[in-house]
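Single-letter residue listing:
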Amino acid sequence: MIDHAAGNPAPSTAKDLPRSAVALVDAVSPVERELIGGWLAEGGIAAELGIDAPVTQIDLDATAIAARLVGRRDDPIVIPIRVLWLPPERDGVRRTTFADLALLSDPRRPHRLLQRRLVNKAPDRHLILTGQPARLSDLRANNPGAAESSEPFARAIVRAGTVALERAERSVIGDRYKVPRMVVEEILDSPDFLRRLDAIATETGTEPREVYRRAEKALRELVAAQSRLISDLFTQAMRPVHASAWKIDCDRSGLAALRRLNRNYPLVFLPSHRSYVDAFVLGDALARNDFPPNHVIGGANLSFWPMGPIARRTGTVFIRRSFGDDEIYKAVVEEYFAYLLAKRFNLEWYFEGGRTRTGKLRPPRFGLLNYLASAIRSRRIDDVMLVPVSITYERLNELGSIATEQVGGAKKPEGLTWLARYIRSQQHSAGRVYVRFGAPLSARDRLAAHGDPMQPIAESLAPEPEEVADRQRKAVQRLAFEVAVGINAVTPVTVNALVTLTLLGVHERALTLGEVRRTLEPVCGYISRRALPTGELDTLNDDQGLAVVLEQLSLAKVVTVYRGGLEPVYSIEAGAHLEAAFYRNSAVHWFVNRAILELAILEVADQQAGAAPGIEVIWDAAYRLRDLLKFEFFFPDRIEFAAAMSAEMLLLDREWEQRESAAELVCALADSGFIMAHRVVRSFFDAQLVVAERLAAADPAAPLDRKQFIDECLAVGRQMLLQQRLHSTESVSSELFSSALKLAENHGLLDPGTPDLAQRRRELADELRTIGARISRAAALDPSNRAPQGTV
């Protein structure tokens, strides 16, 4: 791809020299035609290609090309040409601003009067651009089906010329302006897609013309019609929304590696989803580093006016929430998805299916990953690199609504009023937002490694199609699990996560600044020994920095400060436990293995306090706890988990194998300076207890209404909280109850036909009550819960 100043390699031998040339002129005004005509008359083609052949000018239009080019028997070289208009240069950057609109014209597509003025007054504002040339014979070879008739072949030439010019433009204006052109037309001209529509028509008994009409309508609804002007203006309009709230801390080294990878593969960015502003933060970080804009796959709930039309022009693809029975829409989505990947456009979606309500990763959804896997199996694309992305906020101004939804409140519908309220809420400083990129995953390699046969079911002969489908489904699920692990692996421990982790572990007591610092010190040492990713934790090293963090959490109404005594004391604000847990949970996955080890040691101590602590017994207890938490955290397989637990044990006590009893390990826990079980897993086990007790009280022969059951758990959970049977409000959460219900289903406790169902439900409730008592014992061992010196 070149502009007229860059030069193009000349054919190497006289035999290669074309005898004629065709300039496909993409011009929309007399000014542009004059500029291109003058350039050609001055020998532009000869200078560009090193040839001196007659040049025929033809409009870059299917009708003109069909009439004047496709039927030629010679083999001319075909060169697309257009005029590239540029915005004025400001601080070394050419980008459209709102000030440019004062002339009532897009600087990249100025109106005719302005074009004439720019030619005379600002000659640096335009370039003559040529796309990569091709011989007519090569174009025929590249479009064997279309070349059989003039109209499809002419449309294929128009698309090829347009794509070549777009690539040439990006060599001048940068990759961040890579946008697709003529997508609907190209997909509707695809023979494979037309054959699929014919098959749907036959299967459903629908007229082929009606199927085609509905497919075209769905495509035009789906395809993101990106605009460089809107992208520039939208970025400028939305950047202050998050720039006033956060300072973006982006992993630039990770971006450099991704840019190199992007030269050969399309990238699919899969970020954690904590805020509506995630897409703006990631998009801005990528644009500042000259990445092409992602096609962001979003739900139709955000397509309201005016955001919907604007977002579509900046790359957002709005997909219907449900379309399982609409075979035409499903075919259109699959085809568009494969098209974008085949053309190496980068994609982005939030694979959790929605914002997290608890602060940690939600279980992934597999729908879009299935489309990606299907495109690879059908050989539409060779490979795709999946990029886990962690977006972590020190503070979020929208936590109030998230907390309300957790305790059963209705989610407010998106609209203009919601948008205005949301933008207003972002005008308060909220510290840093950390954008980190995990190790990219080859979708093809990882699917194959997880047992995917890597072939369409229709092509499989053995094993049976049902077995192939099952292997494909499991491979996609394991790939999603790897992505989640990749996100967690680069998610940093932030100052607010660590401070809320500390304060949430203190039962009904406020801490002085010194007590907070002393509680943090051993945890910071643990983080350092494990070399975990962190964000600005040096702030907590001195009293002044720690006080600032606590004051900022106080302003966010997460921490309350009492100043009426000898010195300030800090605790979690009444009613703000859900908000505090949201911050803590962004990093809670780093401490869950430690929490499991603590509970396993306490369980073994309960059963055989005087005996030597056998590794198998401790590991068996840990495996059972891991199983109870498998719908909350992403655990590795048993072998990797055992290795992780061994590492945790060595961090706790390097001499543990020489201990003569489990009681000595309990002493090692108490002497370690901190306990994690009550801080990390108590809320999850408390929520499971509510679900287990309600199941035990339910009629085992009656089918379960899930929504009604969750509502019942919310009501009873509030009662148990008032009775102090639950530790805090963070356990009374529809999100946690839903996960606990999945666990019960996995254990076969929901099917009314299951033998001994009532007894097995009671056994689970008994087990969870025992674990709850063990967590309370762990909390009592924690130094921060011991009575401070000077109290009675």
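To be clear, the structure that these remarks concern was listed above.
Just so it is clear, the structure is predicted and the values come from calculations on it, not from any experiment.

Trainee: What am I meant to see in helix 20 (residues 495-504) here?
Mentor: Owing to its 3.6 residues per turn, the α-helix aligns residues three or four sequence positions apart on the same side. Here helix 20 lies mainly inside the structure; 10 of its 10 residues are buried. Among the residues of helix 20, Val495, Asn496, Ala497, Leu498, Val499, Thr500, Leu501, Thr502, Leu503 and Leu504 are the ones counted as buried.

Trainee: So what exactly am I meant to see when it comes to the packing of aromatic side chains here?
Mentor: Here the structure, examined in full by the defined rule, presents 12 aromatic pairs. Where Tyr526 meets Phe591, the ring centres are 6.1 Å apart and the plane angle is 35°; that geometry is what we call tilted. Of the two residues, Tyr526 is situated in helix 21 (residues 513-530) and Phe591 in the loop between helix 23 (577-585) and helix 24 (592-608); the sequence distance between them amounts to 65 residues. Relative accessible area serves as the criterion here: at 1%, Tyr526 is assigned to the buried category. Under the relative-accessibility criterion, Phe591 is labelled buried at 2%. Ring geometry for Phe635 versus Phe641: centroids 5.8 Å apart, planes at 85°, classification edge-to-face. The rings of Tyr623, Phe633, Phe635, Phe641 and Phe684 are connected pair by pair, giving a single aromatic cluster.

Trainee: Sorry, what's going on with the pairing of strand 4 (residues 77-85) here?
Mentor: One face of the sheet, then the other: side chains in a regular strand alternate in exactly this way. Burial of strand 4 is extensive: nine of the nine residues sit out of reach of the surface. Burial along strand 4 is two-sided: Ile77, Ile79, Ile81, Val83 and Trp85 and Val78, Pro80, Arg82 and Leu84, pointing in opposite directions, are all buried. Sheet topology places strand 4 next to strand 8 (residues 134-135); two bridges connect them, and they run antiparallel. Along strand 8, the bridge assignment pairs Val78 with Ala134.

Trainee: Would you mind going over helix 31 (residues 734-746) with me for this structure?
Mentor: Taking 1.5 Å per residue as the helical rise, helix 31 with its 13 residues ought to reach 18 Å, and the 18 Å between its terminal C-alpha atoms agrees with that figure. The set of residues buried in helix 31 consists of Ser734, Glu735, Leu736, Phe737, Ser739, Ala740, Leu741, Leu743 and Ala744. Among the residues of helix 31, the N-terminal cap falls to Ser733, whose side-chain oxygen and the backbone nitrogen of Glu735 are separated by 3.2 Å.

Trainee: Quick question: what am I supposed to make of the packing of helix 8 (residues 191-204) against helix 9 (residues 208-222) here?
Mentor: Packed helices, taken two at a time, are described by their axes: the angle between them and the distance between them. Their axes nearest at 9 Å, the elements helix 8 and helix 9 cross at an angle of 125°. As far as their axial angle goes, helix 9 and helix 8 are oblique. In the packing of helix 8 onto helix 9, the handedness of the crossing is right-handed. Residues Phe193, Leu194, Leu197, Asp198 and Ala201 of helix 8 form the contact with helix 9, whose own contacting residues are Pro208, Val211, Tyr212, Ala215 and Leu219. Per-class residue counts for the contact of helix 8 with helix 9 are nine nonpolar, no polar and one charged.

Trainee: Quick question: what am I supposed to make of the sheet that holds strand 20 (residues 559-562) here?
Mentor: Two strands in a sheet stick together by hydrogen bonds in their backbones, pointing the same way (parallel) or opposite ways (antiparallel). Strand order in the open sheet formed by three strands is 18-21-20, and the pairing between neighbours is antiparallel. Of all the strands in the sheet, just strand 18 (511-512) and strand 20 have a single pairing partner and so form its edges.

Trainee: When you look at the environment of Arg626 in this model, what are you seeing that I'm missing?
Mentor: Structurally, Arg626 is set in helix 25 (residues 615-628). We classify Arg626 as buried; its relative accessible area is 15%. With 12 residues separating them in the primary sequence, Arg626 and Arg638 have C-alpha atoms 9.6 Å apart. Those residues within four positions of Arg626 in sequence are excluded, and the remaining contacts are Ile596, Phe635, Pro636, Asp637, Arg638 and Phe641.

Trainee: For this particular structure, what's the right way to read the pattern of salt bridges?
Mentor: Side chains that differ in charge, positive against negative, can pair when their charged atoms come close. Under the defined criterion, the tally for this structure stands at 48 salt bridges. With a shortest N-O distance of 3.0 Å, Asp189 and Arg159 are connected by a salt bridge. Taken together, the positions of Asp189 in the loop between helix 7 (183-188) and helix 8 and Arg159 in helix 6 (residues 150-173) put the pair 30 residues apart, joining distant regions of the chain. Since its relative accessible area comes to 22%, Asp189 is described here as partly exposed. Salt-bridge contacts for Glu216 lead to Arg220; the nearest nitrogen and oxygen are separated by 3.2 Å. In this pair, Glu216 and Arg220 are both assigned in helix 9, four residues apart and thus about one turn of the helix distant. In this structure Glu216 comes out as partly exposed when scored by relative accessible area, which is 25%. Since its relative accessible area comes to 43%, Arg220 is described here as partly exposed. Salt bridges sharing partners connect three or more residues here, namely Asp26, Arg82, Glu166 and Glu169.

Trainee: Can you walk me through the packing of helix 15 (residues 367-377) against helix 19 (residues 465-490) in this structure?
Mentor: Interhelical geometry of helix 15 versus helix 19 gives an angle of 120° and a closest axis separation of 10 Å. With respect to each other, helix 15 and helix 19 are oriented oblique. Crossing geometry of helix 15 relative to helix 19 is assigned as right-handed. Facing Leu369, Asn370, Ala373 and Arg377 of helix 15, the residues of helix 19 in contact are Gln472, Val476 and Ala480. Residue composition of the contact of helix 15 with helix 19, by class: four nonpolar, two polar and one charged.

The rules behind each value
- Residues numbered from 1 in each chain as written.
- Predicted model: local features only at pLDDT ≥ 70, side-chain atom pairs only at ≥ 80, totals over all residues.
- Heavy atoms only, no water.
- Buried < 20%, exposed > 50% of the residue type's maximum accessible area, 1.4 Å probe, protein only.
- Helix = DSSP H or I, 4+ residues; strand = E, 2+ residues; numbered from the N terminus.
- Phe/Tyr/Trp six-rings, centres within 6.5 Å; stacked < 30°, edge-to-face > 60°.
- Pairing = 2+ DSSP bridges.
- Expected span 1.5 Å × (residues − 1).
- Polar contact = N/O pair within 3.5 Å; in protein donor to acceptor, adjacent residues only side chain to side chain.
- Axes fitted to C-alpha atoms, helices over the stretch in contact; angles between N-to-C directions.
- Parallel < 35°, antiparallel > 145°, perpendicular 65-115°, else oblique.
- Left-handed = near helix turned anticlockwise from the far one by under 90°.
- Contact = heavy atoms within 4.5 Å.
- Nonpolar A, V, L, I, M, F, W, Y, C, P; charged D, E, K, R; others polar.
- Salt bridge = Lys/Arg side-chain N within 4 Å of Asp/Glu carboxyl O.

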